[in-house]
Each structure stands twice: as C-alpha cells, then as structure tokens.
Amino acid sequence: MSGPVNGDGGARSVSDDGGARPLGDDGGARPLGDDGGARPLGDDAARPRIAVSYVWDAPSHPAWFSKRLADLAQRAADGLSAAGAEPVVVDSASGRVFSALDYDGVVILGGGDVDPARYGGDADEPTLHCVDTGADEAEIDLVNGAIENGRPVFGICRGLQLINVGFAGSLVEDLGPKSLHKIHQPQPPMASHPVQIAPDSLLATALGTEAITVQSGHHQAVRRLGDRLRVVATAADGVVEAVELARPDEGWLLAVQWHPEEPGSPDGQLHALLRPFVEACRQTPVGIAGQGQSAQGSE
C-alpha cells in the first residue's frame, strides 16, 4: 500500500521518499517543493492547506489494516476538499520531518496504538497493536507546532489519543472484550453507539447538544486527561469521546474518538465537523507558510 486510494480503487501516487503530496479533486498529484512540501496551484492557492497525517504503511501494520486506513484517509481528504481546503496527506511513519508552519492546519487520523512508553503505560499489554514510535513522535511534533503557531488541529480516533498523550495525558491500554466501542472479531466493522455532547463547546456548535450516533472501532481510551484539555463528549460507559482546549484563546483544537469519515456515519456528520475547522484554518497567521506564505516562503 503506497498511499490513499482513489474512488475508483487505484492508489494515489506518492513520492519515492515517502513525503507528502496534496490530493487534487481530479485524483492527480500536485508538484512537490524541494523540501517535500506541497505547492498549491491556481485557485487552490486560496484554499487553506491542511496536513492530513496517518501511517500509510509500516512493518507493524498488516495489509488489511493499511488498506482500511487508506480508505478512511481518502474519505477524510475528500471531505476537506468539499469543505474548501487543500488536503496534503503525509506519511507520519516515513521518517521525514513535517513542520506545522508549512500548513494552515493539521489533521491527525486514526491508526495503531500510541507507544505506552510515552505515557508510562504497560508495554506488555497483549492487545497492543500496530505501534510505530516514529509516527507518534512525528504527529506529536505536528500537533505541538500547530498549537504553538496558531494552526488549528482536528483529531480522529488515534488522533484524540495521540493529542491527549502529547498534552501529558495517559490512556487505558485496553477497554476489554465487552467494550461497546469495538466489535470484537478479526478485521471488525465499526460499532455504532450514542454519544452525549456538552453544551458551550466547539463540538456542540458543529453537531448540537442532542445525543448523536457515532461509528467507532477502538480498544483504548483516555485515562488521565491531558493538561489544558477539557472533555466535551462522553459515551454511556463514561469513555471520553471528544476533547477541546480548555481555554479557547489558546487556539482551535477539537478531537473526536469516533470515525465521522466512516461510510456508516450519519449523513453530513463529517462535513459538519470539518466546516468550522476549515474556516478556522482560513484565519491562520499570514506571512509564514501555507495559505498566507510570502513569495520567499519556506519552499
């Protein structure tokens, strides 16, 4: 598996060194800068350029899992395009260094488990799977760089867990075989369950405060909440389903534990979440990189 999959089942082209390529609406790859970053072309220059990070392929990931992640990444990228953004899919396991300053926003997608060594967890937990410490480091650096430099951040599933660990939180290594958050069988489909949203939150502004149905497939969850974060959605069993920054003046950050990009999600849920994120990305500070970069730029 070399990258996200087109709607017709073909793979998008990727650079030989595992760097980033933005996805055009026509399925083609856009030119790369010398540093592995992407150059927006034509009308796309007015669209916020957003890093979409996940592990394309890694020794720890079985082929079926890589394929599933690629399909979900494609749906997320298509959703960002529909919301008016220029998605740039990056391989967090490539060994490349990706700077948040090269983008107007950052999305961290689902994937394997975060290395327990990062939060003092149990490295011998038998249910751990698809751990890639390099991907953890690359994505934590992207998130930290984004928040420090006024770039919005959106996380999905592993993205929420990675963000929580990056903010000095910890995780439950395994929710157990009776957890409602995962169908416990090989190569499982997503599980559906309700989530309650807290009022006065970015999430409530996007989806309302009524209970919603979500699609999930995770066996880990937030244990100790990360510094500077607050919980804005929970499941019936108390599992944290969404987090935001406790102080909105520190930046725009929203992460959900479920998969709004999964085909079985309610119609419009992904767009409702991505629309305010993309709008926040349009406000990224100018004069550095991404949408508002100068002619000198970082490319």
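The paragraphs below set out a description of the structure included in this document. (Residues numbered from 1 in each chain as written. Predicted model: local features only at pLDDT ≥ 70, side-chain atom pairs only at ≥ 80, totals over all residues. Heavy atoms only, no water.)

Points about the overall build of the chain
The line we're drawing: Each helix is a run of DSSP H or I of at least 4 residues and each strand a run of E of at least 2, with the numbering of both proceeding from the N terminus. When accessible area is computed with a 1.4 Å probe and restricted to protein chains, residues below 20% of their type maximum are described as buried, those above 50% as exposed, and intermediate ones as partly exposed. In what follows, a contact means two residues having at least one pair of non-hydrogen atoms within 4.5 Å. Here the accessible surface of atoms and residues is derived via Shrake-Rupley with a 1.4 Å probe, and residues count as covered only by protein chains that are part of the display.
From N to C terminus, the chain includes 5 helices and 12 strands. In the chain, which comprises 299 residues, the share counted as buried stands at 54%. In the chain, of all internal contacts separated by at least 6 residues, the share reaching a separation of at least 24 is 68%. On the chain, roughly 12100 Å² of surface is accessible, and the fraction owed to carbon and sulfur atoms is 49%.

A few points about the pairing of strand 4 (residues 105-108)
For clarity, the cut-off: Pairing between strands requires that DSSP locate at least two bridges from one strand to the other. Looking down the strands as they point away from the viewer, one classifies a crossover as right-handed if the path from the first strand across the helix to the second runs clockwise.
The side-chain alternation of strand 4 yields two buried faces, one formed by Gly105 and Val107 and the other by Val106 and Ile108. Bridge count between strand 2 (residues 49-54) and strand 4: 4 bridges; the pairing is parallel. Pairing of isoleucine 50 across the sheet is with glycine 105, part of strand 4. Bridge analysis of strand 4 against strand 5 (residues 153-156) gives 3 bridges, and the strand direction is parallel. When the bridges of strand 5 are listed, valine 107 appears paired with phenylalanine 154. Handedness of the crossover joining strand 4 and strand 5 through helix 2 (residues 133-148) is recorded here as right-handed.

Brief notes about the layout of surface pockets
Our working rule: Residues are called lining when one of their atoms sits within 4 Å of a cavity or pocket point, these points coming from a 1 Å grid over the protein atoms alone, where a cavity is a set in which a 1.4 Å probe fits but cannot get out and a pocket is an open set with protein on both sides within 12 Å along at least five of seven lines. Grid points are joined across faces, edges and corners, and a volume is the space filled by probe spheres set on the points.
In this structure, the largest pocket spans a volume of roughly 370 Å³. As for the largest pocket, its lining consists of 25 residues, of which Phe65, Gly111, His129, Gly217 and His218 are closest to the centre. If you list the elements that add at least two residues to the lining of the largest pocket, you get helix 1 (63-82) and helix 3 (158-166). When residues of the lining of the largest pocket are assigned to their parent elements, the largest contribution, 5 residues, is made by helix 1.

Some remarks on unusual backbone geometry
Even without being glycine, cysteine 157 reaches a positive phi, approximately 55 degrees. Within the secondary structure, cysteine 157 sits in the loop between strand 5 and helix 3. Of note, the phi angle at alanine 168 is positive, near 70 degrees, even though the residue is not glycine. As for its position among the elements, alanine 168 is in the loop between helix 3 and strand 6 (171-172).

A few points about the packing of aromatic side chains
Let me state the cut-off plainly: For Phe, Tyr and Trp, rings pair up if their centres lie within 6.5 Å, where Trp contributes its six-membered ring, and each pair is then called stacked (planes under 30 degrees apart), edge-to-face (over 60) or tilted (otherwise).
In total, this model carries 3 aromatic pairs according to the counting rule given. Measuring from centroid to centroid gives 5.9 Å for phenylalanine 154 and phenylalanine 277, while their planes differ by 35 degrees, and the two rings are tilted. One end of the pair, phenylalanine 154, is in strand 5; the other, phenylalanine 277, is in helix 5 (residues 269-281), and 123 residues separate them in sequence. Phenylalanine 277 carries the same exposure label as phenylalanine 154, and that label is buried. Through pairs of rings, three or more aromatic residues link up here, namely Phe154, Trp252 and Phe277.

Section: the nonpolar core
Defined as follows: We define the nonpolar core as a collection of buried residues of types Ala, Val, Leu, Ile, Met, Phe, Trp, Tyr and Cys that are connected through side-chain atoms lying within 4.5 Å of one another.
Counting residues in each nonpolar core, the largest one holds 41 residues, and the members touching the most others are Leu80, Phe154, Leu203, Trp258 and Phe277. Residues Val88, Val165, Leu253 and Ala255 belong to the second largest nonpolar core, which totals 29 residues.

Section: the packing of helix 1 against helix 5
Condition: To obtain an axis, a line is fitted to C-alpha atoms, over the contacting stretch when the element is a helix, and the angle between two such axes runs from 0 to 180 degrees between their N-to-C directions. For classification, angles of less than 35 degrees are called roughly parallel, those exceeding 145 degrees roughly antiparallel, those between 65 and 115 degrees roughly perpendicular, and all remaining angles oblique. Two helices cross in a left-handed way if the nearer one is turned anticlockwise from the farther one by less than a right angle. They cross in a right-handed way if the turn is clockwise. All residues other than Ala, Val, Leu, Ile, Met, Phe, Trp, Tyr, Cys, Pro, Asp, Glu, Lys and Arg, Gly among them, are scored as polar; the first ten of these are nonpolar and the last four charged.
Contact pair helix 1 / helix 5: the axes reach a minimum separation of 9 Å and the direction vectors enclose 60 degrees. Put simply, helix 1 runs oblique to helix 5. For the pair helix 1 and helix 5, the sense of crossing is right-handed. Contacts between helix 1 and helix 5 involve Arg75, Ala76, Gly79, Leu80 and Ala82 on the former and, on the latter, Leu270, His271, Leu274, Phe277 and Val278. Of the residues belonging to the contact of helix 1 with helix 5, the class tally is 7 nonpolar, 2 polar and 1 charged.

Here we look at helix 5
Condition: Take the number of residues in a helix, subtract one, and multiply by 1.5 Å to get its expected span.
For helix 5, built from 13 residues, the straight-helix expectation of 18 Å at 1.5 Å per residue is met to within 8% by its first-to-last C-alpha distance of 19 Å. Residues Gln269, Leu270, Ala272, Leu273, Leu274, Phe277, Val278, Ala280 and Cys281 constitute the buried set of helix 5.

Structural notes on empty space enclosed by the protein
What the rule picks out here adds up to 4 cavities of 30 Å³ or more. Roughly 60 Å³ of volume is contained in the largest cavity. Along its surface, the largest cavity is lined by 13 residues, and Val55, His61, Gly111, Gly112 and Arg158 are the ones closest to its centre. Broken down by element, the residue count for the lining of the largest cavity peaks at 3 residues, all from helix 2. Here the residues of the lining of the largest cavity sort into 5 nonpolar, 4 polar and 4 charged.

With respect to the side chain of arginine 158
Threshold: Side-chain atoms alone can form a polar contact between residues adjacent in sequence; in general such a contact is a pair of N or O atoms within 3.5 Å, and within protein one must be able to donate a hydrogen while the other accepts it.
Mapping arginine 158 onto the fold places it in helix 3. Taking relative accessible area as the criterion, arginine 158 reaches 4% and is therefore assigned buried. Here the side chain of arginine 158 touches aspartate 136 through a polar contact of 2.8 Å, side chain to side chain. When neighbours within four sequence positions are excluded, arginine 158 is seen to be in contact with Leu109, Gly110, Gly111, Gly112, Asp113, Val114, Ala135, Asp136 and Glu139.

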